[in-house]
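# Structural overview
Each chain is listed here by its residues.
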Amino acid sequence: MIKRINLFLFSIVLIVNSTSAQEELTLDKIFKSRDFMPAALSQLQWNSENKFSFYKNDPETKTVSIVAVNPETKEETVVLSNNEIDYKFKYGQIYKWSPDSKFILFTEKLNARRDKSGGKFVIVDVEKKKVLLEITDQDDQELAQFSPDSKKLGFVRSHNLFVVDIESGTETQLTFDGNENILNGTFDWVYEEEFSIIYAWEWGTDSRQITYWQLDQTKVPTVQIATWDSLYFSAFDLKYPKAGGTNPNIKIGVVNVDNQKTTWMNVELQEDFYIPRIKFSNNPNLLSVQRLNRDQNILELLLCDTKTGESKVVLKEEYKTWIKVDDNLTFLKENDHFVWTSEIDGFNHIYIYDFDGTLVNQVTSGKFEV
C-alpha cells in the first residue's frame, strides 16, 4: 500500500515538473483540487427528449454547466450554466430533470449508499433560465421527486411527506405522525443497507397518489456510533437491529394528495417480514408489493387495490438459500402482464406473468445468467 502511494505521488511530481518547473506542488493541490482528476461524466442521466446530460466544468472561467448530447448526431448543447441564473449550482451537486424536461431540480447530497437528495431544493425553468422555486434549506429535508405530470414536487421533512405545487409554491403536508420513531417516506439503517433502497415513497402514475413505507422503530435497540471527528470523538445514537434483534414494524400506505387521506394496504405482515420493494402498475389504483421473510428465502408478490387496501398474492418463490431482491419488475403497457426475473431454475431468467400469477411465457432459458 505504501509503495502504491509513493508511486502515485512520484507520478504527480513528474507531471508537475514537466509542465511547470516553478509551480509549487502542495497537498491541497493534489487532494483538494481537480487538477489531477481523470476525465469523467458527473451526474450522467437521460431526459425525456432522448438526450443524455451531465455536468461540465470550465476551470478557467469557473463556470459549471449542464450539457446535453444527442446520441444520434453527437451534437452537444449547453442546457444551463450557473453564470446565467441567480442560483450558483456546483459541480457534483445532485440535479434531476422533471419528466417533461422543462425543469431541473438542484439539491445537496446526503450521506447514503446511493445518491440521496437533501437540504435546500431549487427548481429552475430551463427555457427561461429562471429560478421558479426555492424550498427552505433544512437539515432533515430530503428525498425530493417530481410528480409524473411535472406539476408538483414531493419530499420528506421531519419524517413526514409533503408536496409543493410548482406554479403557485403552495405547500401541503400529507402525513402528520412522523417523529424519531415513526418514519414516513424515509428508511432506517436496515433498508438502505440490506436492500440498497433510498426512497421510501413513490408517486402514483396519475400524480394524485403517493405510496410510502411507514416504519415504527420504537422497539428497535439503539447503539452508539462513533463519529471520529476529533481527538475526543463524539457519538450518535442509531436504531440498529443486530442478529435476532427486533426489526421495525412496517406498514404500506397510499395517501391521496388532494385530501391527505391515507389508505393502508392489507399486506398481512408478521413481525419478521420485510417489504423490500413497492411499485405502481400502469393502473394508478393497483400497487405491487413484494413481501420477504427475515431469512430472505421466501419472496411473494402482492397486488393491492389502493382505494380499499385489499390485496392478493399473485406470485411466490421459495428457495433453500437466499433470494436476491432486484428492480426488474416491469409492467407492460399493452395489457395486464408483467415481466419478472427469477433464479428459480438455478439461473437468472426472464418470465412474463398475467395479473392472476399465471405464467404466460418464459422468455429466456438455459445454463446462463440474464
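A few points on the structure. Just so it is clear, the structure is predicted and the values come from calculations on it, not from any experiment.

### Comments concerning the overall build of the protein chain
- A tally of helices and strands in the protein chain yields 3 helices and 27 strands.
- Once the C-alpha set of the protein chain is aligned to its principal axes, its extents read approximately 70 × 50 × 50 Å.
- Every one of the 370 residues in the protein chain was classed for burial, and the buried ones make up 44%.
- In the protein chain, once contacts between residues fewer than 6 apart in sequence are set aside, the share between residues at least 24 apart is 42%.
- In the form shown here, the protein chain has an accessible surface area of approximately 20800 Å², with 49% of it arising from carbon and sulfur atoms.
- Seen as two clouds, the 41 positive and the 56 negative side-chain charges of the protein chain have centres 2 Å apart.

### A closer look at the environment of Phe31
- Looking at the secondary structure, you find Phe31 in helix H2 (residues 27-31).
- Sequence separation of Phe31 and Val67 is 36 residues, and the distance between their C-alpha atoms is 26 Å.

### Here's the deal with the layout of surface pockets
- Of the volumes computed, that of the second largest pocket is approximately 740 Å³.
- Around the second largest pocket, the lining is made up of 22 residues, and of these Lys116, Phe187, Asp188, Glu192 and Leu238 lie nearest the centre.
- Elements represented by at least two residues in the lining of the second largest pocket include exactly helix H3 (189-195) and strand S17 (235-239).
- Sort the elements by how many residues they give to the lining of the second largest pocket and S17 lands first, with 4 residues.
- A breakdown of the residues in the lining of the second largest pocket according to their chemical character gives 6 nonpolar, 5 polar and 11 charged.

### Some thoughts on the sheet that holds strand S27 (residues 359-362)
- If you walk across this open sheet you meet the 4 strands as S24-S25-S26-S27, and the pairing is antiparallel. A single partner strand is all that each edge strand has here, and the edge strands are strand S24 (330-331) and S27.

### A word on the pattern of salt bridges
- Applying the stated criterion to the full structure yields 10 salt bridges.
- Ionic pairing is found between Asp28 and Lys32, a salt bridge with its closest N-O pair at 3.9 Å.
- The salt bridge partner of Lys120 is Glu134, with a shortest N-O separation of 2.7 Å. With Lys120 in strand S7 (residues 116-125) and Glu134 in strand S8 (residues 130-135), this pair connects stretches of sequence that are 14 residues apart.

### A word on the pairing of strand S6 (residues 103-110)
- Pairing geometry for strand S5 (residues 94-97) and S6, over 4 bridges, is antiparallel. Bridging from a neighbouring strand, Tyr95 pairs with Phe106 of S6.
- If you look at the hairpin formed by S5 and S6, you'll find 5 residues sitting between the two strands, and Ser101 has a positive phi there, around 65°.
- Two strands pair when backbone bridges link them, and S6 and S7 are joined in this way by 7 bridges, in the antiparallel orientation.

### Notes on the sheet that holds strand S21 (residues 286-293)
- The 4 strands are arranged S20-S21-S22-S23 in an open sheet whose pairing can be described as antiparallel. Looking at the sheet topology across the chains shown, the edges are occupied by strand S20 (273-280) and strand S23 (311-318). Neighbouring strand axes in the sheet, compared pairwise and without regard to direction, differ in orientation by 20° on average.

### Let's talk about empty space enclosed by the protein
- Taken as a whole and assessed by the stated rule, the structure comprises 1 cavity of 30 Å³ or more.
- The volume enclosed by the largest cavity comes to roughly 30 Å³.
- If you go around the largest cavity, the residues you meet are Val190, Tyr191, Asn247, Pro248, Ile250, Phe273 and Tyr274.
- For the lining of the largest cavity, the class distribution of residues is 6 nonpolar, 1 polar and no charged.

### A few points about the packing of aromatic side chains
- Summed over all chains, the structure comprises 22 aromatic pairs.
- Considering the side-chain rings of Phe338 and Tyr353, the 5.7 Å spacing of their centres and the 20° angle between planes classify their relative orientation as stacked. With Phe338 in strand S25 (residues 337-342) and Tyr353 in strand S26 (residues 349-354), the pair connects residues that are 15 residues apart, well separated along the chain. Pair check on accessibility: Phe338 and Tyr353 agree, each one buried.
- An aromatic cluster is built from Tyr55, Tyr87, Phe89, Tyr91, Tyr95 and Phe106, whose rings are joined through pairwise contacts.
- Above the ring of Phe162, the side-chain terminus of Arg157 is found at 4.9 Å from the ring centroid.
- In this arrangement the basic side chain of Lys251 is found over the ring face of Trp264, its NZ or CZ atom lying 4.0 Å from the centre.

Definitions and cut-offs
Residues numbered from 1 in each chain as written. Predicted model: local features only at pLDDT ≥ 70, side-chain atom pairs only at ≥ 80, totals over all residues. Heavy atoms only, no water. Helix = DSSP H or I, 4+ residues; strand = E, 2+ residues; numbered from the N terminus. Buried < 20%, exposed > 50% of the residue type's maximum accessible area, 1.4 Å probe, protein only. Contact = heavy atoms within 4.5 Å. Areas by Shrake-Rupley, 256 points an atom, 1.4 Å probe, with all protein chains shown as cover. Lys, Arg positive; Asp, Glu negative; His and termini not counted. Charge placed at Lys NZ, Arg CZ, Asp CG, Glu CD. 1 Å grid on protein atoms, 1.4 Å probe; cavity = no way out; pocket = protein on both sides within 12 Å on 5 of 7 lines; lining within 4 Å. Points joined across faces, edges and corners; volume = space filled by probe spheres on them. Nonpolar A, V, L, I, M, F, W, Y, C, P; charged D, E, K, R; others polar. Pairing = 2+ DSSP bridges. Salt bridge = Lys/Arg side-chain N within 4 Å of Asp/Glu carboxyl O. Axes fitted to C-alpha atoms, helices over the stretch in contact; angles between N-to-C directions. Phe/Tyr/Trp six-rings, centres within 6.5 Å; stacked < 30°, edge-to-face > 60°. Lys NZ or Arg CZ within 6 Å of the ring centre and 35° of its normal.

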